[in-house]
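Single-letter residue listing:
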Amino acid sequence: MSVRITGIGVVSAIGLSVKENLLSLKTGKSGIGPVQYLDEKRGLLVGEVKASNQELLEYLEIKNKNISRTSQLGLAAARQALGTTGMDASIKTGIISATSVGGMDRSEDFYVDYLSGDHPDYNLLRSHDSGNTTERIAAELGISGYINTLSTACSSGVNAIMLGARLLLNGKLDRVLVGGTDALTKFTINGFRSLMIYDDQWCRPFDESRTGLNLGEGAGFLLLENEKSIALSGNKTLCYVNGWANAADAYHQTASSPDGKGATLAIQKAISLSGIDVKNISYINAHGTGTKNNDLSESVALKNVFGDQIPPFSSTKPFTGHTLAAAGAIESVFSILAITNQLIYPNLNFQNPIEGTGLVPVTSLLTNKPVKAVLSNSFGFGGNNSSIVFSSDN
Amino acid sequence: MFYISAASSITHQPTFKNAGFSASLHELTEDSELISPNYKDYIDAALLRRMSKILRMSVACAKTCLEEAEISQPDSIVVGTGLGCLQDTEKFLGTFLTIEGLLPPTSFIQSTHNTIAGQISLSIGNHGYNMTHTQNTLSFEHALIDSMLLLSEDNDHVLVGAADEYIEILDKIQQDLHLPLSGKLSSGASFFMLSKERSANSLAGISAVETIGLVEDIQTEIQRFLTEQNIRSSDLDMVLFPGFELGTSGIILDYFINNEVEIDRIVDYLQFSGIYPTTSAFAMHYAIDRLGQDENLKNILVCNCLNSKNLGLTLIQSLEA
């Protein structure tokens, strides 16, 4: 199985473009810092995209300003991925975006006024539904036809790529933009606080002292094309998406199973579908949120699949924060950049391995190892586990 | 063609475990309510206490489908929802905006759209593909397309469904935004077992599903869809559509009347389901039920134009004896 990737786009706490993100990854510059744009408790550590809504509106030249931040971030990344590719009536073009909050950034503003009875602006709710988030992006890009949104919490972004690849292989589409987008919201910040897994310090994935995650925001998009589409677009192939899988943990609504069952299944199936030997995975971009539960369960899953031959791995969430539905898409862009630039990124903020697993992630940028195949993991609420494999070969 | 081997709905009509319900439907009145089964028969009491309406409806329908199709584990679970778990979403908004300090997490946990598919997988211990599509009025059609793709890959049985729940604030939103609604806002869940092979349990066939988002010319799209399926409009024994907005509904009515479909074969399903984003799932169950009651019916098209920007087309066919 292989599908061509011909475009990538990313907006995150470490940059508004692919170049900026890559530079931050290379120089070890985290985008997590005290909250500046969202009206939240001072000092709260978040991975915000460094632009206000007004700045984004101007940058994106959006006419209808009744638009969620989620749509704006998504549009920014999707435009980069599409590049100069023009629309053509003979090419069946679709878009699949993933989001967990949709237009909640505006709905929660509405709800404050609604609760206090202070003339709430109901128009803010027009952008609430997740489907609208994607429709707005599609409309700005001139895409009609197959427009879809997935919402499976933190695994959503990978699921969008997976579905796009399947639709292409099945001949339903010739070209598809796939990715995910989520804005930072009070809803999710308070949600993770209520679960007692929001870290007031910098998140420390795979470290024994880890106590939770820092939320981030952003978007990632990939352009997938078949031969027919490439013949017209002339786009160069960056690399391939070769394998993918989604599996349910069926253990608990939020917690991952201690035996890593769902994660193990997803990783195994994705690698198996890719046809790449387990030994030939060069790098793993882990889900690695920094919560006690995820990192332990993911470590167990990695051991289940790779035994004591675990490839170099790291979580890039200490750079971006956990961007929820965008995470899988942003980290897929990072995985592709790892292949095209022959890089393995450091897992920032790591000091001591988790007792019991002893796994040590990569802690400084590696530039001397060949990177041909990368596995990226994304695991979400509801035991929704997804893994995806990219490589330089079809 | 794939085969529908079970169908289960909880709606404002007597749909649940009631084959033949389509013969006794009445237009929803203002005071009509969701007709709920005794959920304790389907869901563990401890779990049930925490579950919102949308979760209860969905898990009960899902379990009924497994029973009726005589399949203990589907290969995949695929759900469509337009607005997701609204009750828990609104509850958590209220919680964190009004409570200082420690917040109870349950409503946050259950607010994500994929809680529905996740709770189904948890309640039956399913480790397969678990997906949630949310494209407002086309969420169910997208779930169907994904499911049919899975069956054409390596799956034998896919549990697919859709659900949306009414909460009171929706009425206020509708009034304030002056949304012209032709009926009552309601709740509903409909689930189906789709199977690769025909069996003794097969109720009907599903031949094709397509979504056209930001549609420009509805009539051309319908014509193209039917042509691709080698079906003439005059072959349609029934067209189900949501009589929601005068303009769009009118275009659809005009098209079929001008193309040899008699007007009494064109049915507005919204009058029976009430209004929620995934009513086309109710329409599919209604189509299956009609096919089961009348052997003269062969081809039924669900023409979903609930949102005038988005068109969903689903072709349901009877199975030859």
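Residues numbered from 1 in each chain as written. Chains lettered and ligands numbered in written order. Predicted model: local features only at pLDDT ≥ 70, side-chain atom pairs only at ≥ 80, totals over all residues. Heavy atoms only, no water.

Taking an unreviewed UniProt entry as the reference, chain B is identified by name as 3-oxoacyl-ACP synthase belonging to Dyadobacter psychrotolerans.

The line we're drawing: UniProt positions are given in the numbering used here, feature names are shortened, and annotations may be inferred rather than shown by experiment.
Naming follows an unreviewed UniProt entry, where chain A appears as Beta-ketoacyl-[acyl-carrier-protein] synthase family protein of Dyadobacter psychrotolerans. Its UniProt record gives chain A the following Sequence similarities (unreviewed entry) comment, quoted word for word: "Belongs to the thiolase-like superfamily. Beta-ketoacyl-ACP synthases family."

**Here we look at the overall build of chain B**
Threshold: A run of H or I in DSSP becomes a helix once it reaches four residues, and a run of E becomes a strand once it reaches two; helices and strands are each numbered from the N terminus. The atom set for the radius of gyration is the C-alpha atoms, and the globule formula is 2.2 Å times the number of residues raised to the power 0.38. Any residue under 20% of the maximum accessible area for its type is buried, any over 50% is exposed, and the rest in between are partly exposed; the area is computed with a 1.4 Å probe on protein chains only. Using a 1.4 Å probe, accessible areas were evaluated by the Shrake-Rupley method; residue-level cover was limited to the displayed protein chains. Neither His nor the chain ends contribute to the count of charged residues, in which Lys and Arg are positive and Asp and Glu negative. Every charge is mapped onto a representative atom, which is NZ of Lys, CZ of Arg, CG of Asp or CD of Glu.
Within chain B one finds 11 helices and 10 strands. Computed over its C-alpha atoms, the radius of gyration of chain B comes to 19 Å, within 12% of the 20 Å expected for a compact globule of 321 residues. Judged by the C-alpha coordinates and their principal axes, chain B covers about 65 × 45 × 35 Å. Residues counted as buried form 63% of the 321 residues belonging to chain B. Accessible surface computed for chain B: about 12,100 Å², of which carbon and sulfur atoms make up 47%. When the 18 positive and 41 negative side-chain charges of chain B are each reduced to one mean point, those points stand 7 Å apart.

**A word on the domain arrangement of chain B**
Residues and elements named next belong to chain B. Defined as follows: Segmentation of the chain into domains, including their bounds, is taken from an automatic or database domain assignment. What counts as buried area is the accessible surface, traced by a 1.4 Å probe, that two parts surrender upon association, with contributions from both included. Throughout this description, the term salt bridge denotes a Lys or Arg side-chain nitrogen within 4 Å of a carboxyl oxygen of Asp or Glu. Here a polar contact means two N or O atoms within 3.5 Å. Within protein one must be a hydrogen donor candidate and the other an acceptor candidate, and residues neighboring in sequence count only if both atoms are side-chain atoms. As a working rule, the residues Ala, Val, Leu, Ile, Met, Phe, Trp, Tyr, Cys and Pro are called nonpolar, Asp, Glu, Lys and Arg charged, and the rest polar, with Gly in that last group.
Taken domain by domain, chain B holds domain 1 (2-195) and domain 2 (204-317). On a C-alpha basis, the centres of domain 1 and domain 2 stand 22 Å from each other. With both sides pooled, the region where domain 1 packs onto domain 2 buries about 3,300 Å², and carbon together with sulfur makes up 65% of that total. Between domain 1 and domain 2 we count 0 salt bridges in total. At the junction of domain 1 with domain 2, the criterion picks out 17 residue pairs in polar contact (both at pLDDT 80 or more). When residues of the side of domain 1 that touches domain 2 are traced back to their parent elements, those giving at least two are strand 1 (2-10), helix 6 (139-153), strand 4 (157-164) and strand 5 (188-195). Considered class by class, the residues forming the side of domain 1 that touches domain 2 number 21 nonpolar, 22 polar and 4 charged.

**Let's talk about the interface of chain A and chain B**
Inclusion rule: In this description, contact between two residues means that some pair of their heavy atoms is separated by no more than 4.5 Å.
Facing the 61 residues of chain A at the interface are 56 residues of chain B. Between chain A and chain B, roughly 4,800 Å² of surface is buried when both sides are summed, and carbon and sulfur atoms account for 63% of that area. For the chain A face of the interface with chain B, the top three residues by lost area are A:Y122, A:R166 and A:F187, together amounting to 14%. On the surface where chain A and chain B come into contact, there are 3 salt bridges. A salt bridge links A:R166 to B:D146; the shortest N-O distance between them is 2.9 Å. Our enumeration of links across chain A and chain B arrives at 25 residue pairs in polar contact (both at pLDDT 80 or more). When the residues that make up the side of chain A that touches chain B are grouped by side-chain class, the tally is 28 nonpolar, 24 polar and 9 charged.

**A look at the packing of aromatic side chains**
Pairs of aromatic rings are described using the distance from one ring centre to the other and the angle between the two planes. So the rule is basically this: Only centres within 6.5 Å qualify two rings of Phe, Tyr or Trp (six-membered ring in Trp) as a pair; their planes then separate them into stacked at under 30 degrees, edge-to-face at over 60, and tilted for everything else.
Overall, the coordinates contain 19 aromatic pairs over all chains when judged by the stated rule. Here A:Y283 and A:Y345 contribute two aromatic rings whose centre-to-centre distance is 6.0 Å and whose plane-to-plane angle is 85 degrees, an arrangement assigned as edge-to-face. Here A:Y283, found in strand 9 (residues 283-285), pairs with A:Y345, found in the loop between helix 12 (327-341) and strand 11 (373-380); they are 62 residues apart in sequence, far enough to count as distant. Of the residues examined, A:Y345 reaches a relative accessible area of 0% and is grouped as buried. For the pair B:F92 and B:F108, a centre-to-centre distance of 5.3 Å together with 45 degrees between the ring planes defines the contact as tilted. Highlighted residues: B:F92 in helix 3 (residues 86-98) and B:F108 in helix 4 (residues 106-109), separated in sequence by 16 residues. Each member of the pair, B:F92 as well as B:F108, is classed as buried. Through successive ring pairs, a cluster of aromatic residues spans A:F187, A:F192, A:F381, B:F92, B:F96 and B:F108.

**Here we look at the UniProt feature "domain: Beta-ketoacyl synthase-like N-terminal" (unreviewed entry) in chain B**
Within this structure's numbering, the places UniProt gives as "domain: Beta-ketoacyl synthase-like N-terminal" (unreviewed entry) are residues 42-167 of chain B. Taken end to end, residues 42-167 of chain B is 52% helix and 14% strand, and its two terminal C-alpha atoms sit 23 Å from one another.

**Side note on the pairing of strand 5 (residues 146-150) of chain A**
Regular strands place side chains that alternate from one sheet face to the opposite one. Residues and elements named next belong to chain A. Applied cut-off: Two strands pair under a simple rule: DSSP has to find at least two bridges between them.
Burial analysis of strand 5 places 5 of its 5 residues in the buried class, the great majority of the element. Side-chain alternation along strand 5 places Y146, N148 and L150 on one buried face and I147 and T149 on a second face that is also buried. When strand 4 (residues 93-98) meets strand 5, the two strands line up parallel, connected through 5 bridges. Counted as the bridge partner of A98 is L150 from strand 5.

**Details of the domain arrangement of chain A**
All names here are of chain A. For chain A, the assigned domains are domain 1 (3-233) and domain 2 (242-391). Domain 1 and domain 2 are separated by 21 Å when their C-alpha centres are compared. At the interface, 64 residues of domain 1 touch 59 residues of domain 2. Across the interface of domain 1 and domain 2, roughly 4,700 Å² is buried in total on both sides, 72% from carbon and sulfur atoms. The interface formed by domain 1 and domain 2 holds 1 salt bridge in total. R210 is the partner of D295 in a salt bridge, and the nearest nitrogen-oxygen pair spans 3.9 Å. Put simply, domain 1 and domain 2 have 21 residue pairs in polar contact (both at pLDDT 80 or more) between them. Elements supplying a minimum of two residues to the side of domain 1 that touches domain 2: strand 1 (3-11), helix 1 (18-27), helix 6 (156-169), strand 6 (175-182), helix 7 (186-194) and strand 7 (218-225).

**Focus: the side chain of A:T133**
All names here are of chain A. Along the chain, T133 falls in helix 5 (residues 130-141). For T133, a relative accessible area of 1% gives the class buried. Beyond its immediate chain neighbours, meaning those up to four positions away, T133 contacts S68, T70, S71, T99, G102, G103 and T181.

**Examining the nonpolar core**
Applicable threshold: Side-chain atoms within 4.5 Å are what join buried Ala, Val, Leu, Ile, Met, Phe, Trp, Tyr and Cys residues into a set we call a nonpolar core.
In terms of nonpolar packing, the biggest core is built from 129 residues, with A:L222, A:L224, A:V241, B:I206 and B:L240 touching the most fellow members. Judged by nonpolar contacts, the second largest core, of 32 residues, contains B:V59, B:I77, B:V79 and B:I124.

**Details of the UniProt feature "domain: Ketosynthase family 3 (KS3)" (unreviewed entry) in chain A**
Within the UniProt annotation, "domain: Ketosynthase family 3 (KS3)" (unreviewed entry) is assigned to residues 1-392 of chain A. Span residues 1-392 of chain A is 34% helix and 18% strand, its end C-alpha atoms 13 Å apart.

**As for a negative patch on the surface**
We apply this condition: Here, patches come from residues exposed beyond 30% relative accessible area and free of salt bridges, joined within 9 Å for like charges and within 5 Å for nonpolar side chains (Val, Leu, Ile, Met, Phe, Trp, Tyr).
Residues B:D75, B:D154, B:D156 and B:E197 make up a contiguous surface patch of negative charge. With respect to the helices and strands, the residue B:D156 is situated in the loop between helix 6 and strand 4.

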